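Each chain, letter by letter, is given below.
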Amino acid sequence: MPVAGARPGDGSPPGDDGWDSGVSGPPRPAVTHLGDRPPTYAAEPVALPAADPAGLAALTPDTVLEGAQYGGYTLRAASLRGDSARFRGEGRRDFLLTARFGTGPDALVLVVLAGGDRAAPGAAEAAAEVCRSVAGAVGRSQERLSQDIRDGRREALRSGLQRLTDRGYGQLRARAAELGLPQDGYTAGLRGLLLPVDPGCRTRVCFGAGAGGLFRLRDGQWRDLEESAPVLTPAPAPAPAGPPGFRFRFRASVARPGDTLLLCSGGLADPMREEEPLSAELAARWGDAPPPGLAAFLADTQLRLKGYADDRTAAAVWEA
């Protein structure tokens with residue numbers, strides 16, 4: 001694993017010596033890639049997607065970054081084109097939306113992200129549509145959701161968020177029919193995270209369906225909360241309106257000081273599950289250090305491995 005050597009302790013600011021300190025915390029080495037072999041594609045964008053003069057509103061930037069800090073947690077989020085899309089001049093298919101609904105201690109911060117199959121022609125549109133649909137529904141239900149979180153009404157939260165998610169996938173199914181596509185030709189894996197603004201409420205609510213992942217870093221060890229936790233429940237009858245294999249996932253838990261929660265699309269969830277060097281590197285970077293700044297978080301989420309060239313979208317929450 002190529003890692004830059006230790007930076008001399010001369011007090012000089014970061015420069016071209018391979019170190020990026022972000023906004024806070026100790027500097028970290030720049031890793032060109034993880035594993036024994038370099039990835040197939042270049043590390044930086046090569047080609048821009050083709051643009052239609054009449055459809056410029058549909059263009060998506062290569063990378064988006066977001067962050068916030070409320071009460072006892074710090075939020076970082078990023079979405080970036082995969083190496084393959086950067087090389088081939090294809091647009092980013094993943095979508096990221098962050099929003100704050102309400103004011104004062106009753107407000108909720110929502111992060112929703114989605115990733116579609118890069119082989120499907122409507123993947124980018126489906127990802128954006130399901131994120132906006134679910135986010136709009138959450139925003140309209142903000143007061144009730146906030147109260148349910150405060151009161152610990154797990155079943156009410158689960159059923160309510162499942163209805164909102166199912167409705168979003170129902171819209172994708174209807175749109176697929178309009179376009180003459182199969183359901184799996186116009187869909188995306190979705191993950192959502194609800195964070196109360198109230199510093200006295202440490203409940204974190206995660207939900208979603210399809211490809212993606214939810215991980216927790218505690219005491220230096222990652223746990224895949226979707227692969228191992230029984231509290232992520234399948235959708236009950238009637239059959240959901242999502243894609244084939246649709247399974248609604250839900251988790252509401254009380255965060256502990258020092259926890260880091262990672263929500264991500266399939267482009268990052270797959271290597272997190274399959275490549276130990278990546279999970280180990282992120283554990284080392286995030287385990288005992290303060291939350292990274294936006295630039296450092298972006299560098300962390302795009303740690304490269306051969307064989308993983310899809311878009312990556314991630315949101316991480318550091319608990320004070």
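Residues numbered from 1 in each chain as written. Predicted model: local features only at pLDDT ≥ 70, side-chain atom pairs only at ≥ 80, totals over all residues. Heavy atoms only, no water.

Visitor: Describe in detail the overall build of the protein chain, supporting the description with residues and values.
Guide: Check the secondary structure of the protein chain and you find eight helices and 13 strands. Long-range contacts, defined as pairs at least 24 residues apart, comprise 69% of the intrachain contacts of the protein chain with a sequence gap of at least 6. Surface accessibility of the protein chain: about 14,500 Å² in total, with carbon and sulfur atoms responsible for 53%. (Helix = DSSP H or I, 4+ residues; strand = E, 2+ residues; numbered from the N terminus. Contact = heavy atoms within 4.5 Å. Areas by Shrake-Rupley, 256 points an atom, 1.4 Å probe, with all protein chains shown as cover.)

Visitor: Any details on the packing of helix H6 (residues 266-274) against helix H7 (residues 276-286)? Residues and values, ideally.
Guide: One can describe the packing of H6 onto H7 by two numbers: an axis separation of 5 Å at closest approach and a directional angle of 100°. With respect to H7, the axis of H6 lies roughly perpendicular. Contacts between H6 and H7 involve Leu268, Pro271, Met272 and Glu274 from the former and Glu276, Leu278, Ser279 and Leu282 from the latter. (Axes fitted to C-alpha atoms, helices over the stretch in contact; angles between N-to-C directions. Parallel < 35°, antiparallel > 145°, perpendicular 65-115°, else oblique.)

Visitor: How would you explain unusual backbone geometry if you had to name every residue and give the values?
Guide: Not every positive phi belongs to a glycine, and Asp219 is a case in point at roughly 55°. Tracing the chain through its elements places Asp219 in the loop between strand S9 (213-218) and strand S10 (221-224).

Visitor: Run through the environment of Gly104, naming residues and quoting values.
Guide: Tracing the backbone through its elements, the reader meets Gly104 in the loop between strand S5 (95-101) and strand S6 (108-115). Residue Gly104 is classed as partly exposed on the basis of its relative accessible area of 41%. As a C-alpha pair, Gly104 and Asp198 span 94 residues in sequence and 7.7 Å in three-dimensional space. (Buried < 20%, exposed > 50% of the residue type's maximum accessible area, 1.4 Å probe, protein only.)

Visitor: A description of the packing of aromatic side chains should follow, citing residues and the corresponding values.
Guide: Two numbers describe a pair of aromatic rings. These are the distance of the centres and the angle of the planes. In the structure shown here, the tally under the stated rule is six aromatic pairs. Each ring, one from Tyr41 and one from Phe87, has its centre 5.3 Å from the other, and the planes form 45°; the classification is tilted. Of this pair, Tyr41 sits in the loop between strand S2 (28-29) and strand S3 (63-70) while Phe87 sits in helix H1 (residues 83-88), placing them 46 residues apart in sequence. Under the relative-accessibility criterion, Phe87 is labelled partly exposed at 45%. Residues Trp286 and Phe297 carry aromatic rings whose centres are separated by 5.8 Å and whose planes lie at 20° to one another, so their mutual orientation is stacked. Of this pair, Trp286 sits in helix H7 while Phe297 is found in helix H8 (residues 294-301), placing the two residues eleven residues apart along the sequence. A residue is classified by how much of its surface remains accessible, and Phe297, at 0% relative accessible area, is buried. Through a chain of ring-to-ring contacts, the aromatic side chains of Trp222, Trp286, Phe297 and Trp318 assemble into a single cluster. (Phe/Tyr/Trp six-rings, centres within 6.5 Å; stacked < 30°, edge-to-face > 60°.)

Visitor: Report on the pattern of salt bridges, specifying residues and quantitative values.
Guide: Opposite charge on two side chains makes pairing possible when the charged atoms of those side chains draw close. Scanning all chains against the criterion turns up 19 salt bridges. Ionic pairing is found between Arg150 and Asp106, a salt bridge with its closest N-O pair at 3.0 Å. Here Arg150, found in helix H3 (residues 142-151), pairs with Asp106, found in the loop between S5 and S6; they are 44 residues apart in sequence, far enough to count as distant. Accessibility expressed as a relative area gives 36% for Arg150, which makes it partly exposed. A relative accessible area of 39% means that Asp106 is categorised as partly exposed. Through salt bridges with shared partners, one network takes in Arg191, Asp224, Glu226, Arg249 and Arg273. (Salt bridge = Lys/Arg side-chain N within 4 Å of Asp/Glu carboxyl O.)

Visitor: Which residues make up a positive patch on the surface, and what values do they have?
Guide: On the surface, a cluster of positive charge is contributed by Arg140, Arg144, Arg163 and Arg167. On the secondary structure map, Arg163 appears in helix H4 (residues 154-179). A residue is classified by how much of its surface remains accessible, and Arg163, at 46% relative accessible area, is partly exposed. (Patch = residues over 30% accessible without salt bridge, like charges linked within 9 Å, V, L, I, M, F, W, Y side chains within 5 Å. Lys, Arg positive; Asp, Glu negative; His and termini not counted. Charge placed at Lys NZ, Arg CZ, Asp CG, Glu CD.)

Visitor: I'd like a rundown of the nonpolar core, residues and numbers included.
Guide: Most often, soluble globular proteins have nonpolar side chains that are buried together. Of all hydrophobic cores here, the largest spans 35 residues; its most connected members are Leu110, Val112, Val138, Leu161, Leu190, Leu194 and Val205. Contributions of two or more residues to this core are made by S5, S6, helix H2 (123-140), H3, H4, strand S7 (189-196), strand S8 (203-209) and strand S11 (249-254). Per-element accounting of this core gives the leading share, nine residues, to H2. Discounting residues that sit within four places of it in the chain, Leu194 has contacts with Leu108, Val109, Leu110, Val138, Leu145, Ile149, Leu161, Thr203, Arg204, Val205 and Phe207. In this structure, Leu80, Leu278, Trp286 and Ala314 belong to the second largest nonpolar core, which totals 23 residues. (Core = buried A, V, L, I, M, F, W, Y, C linked by side-chain atoms within 4.5 Å.)

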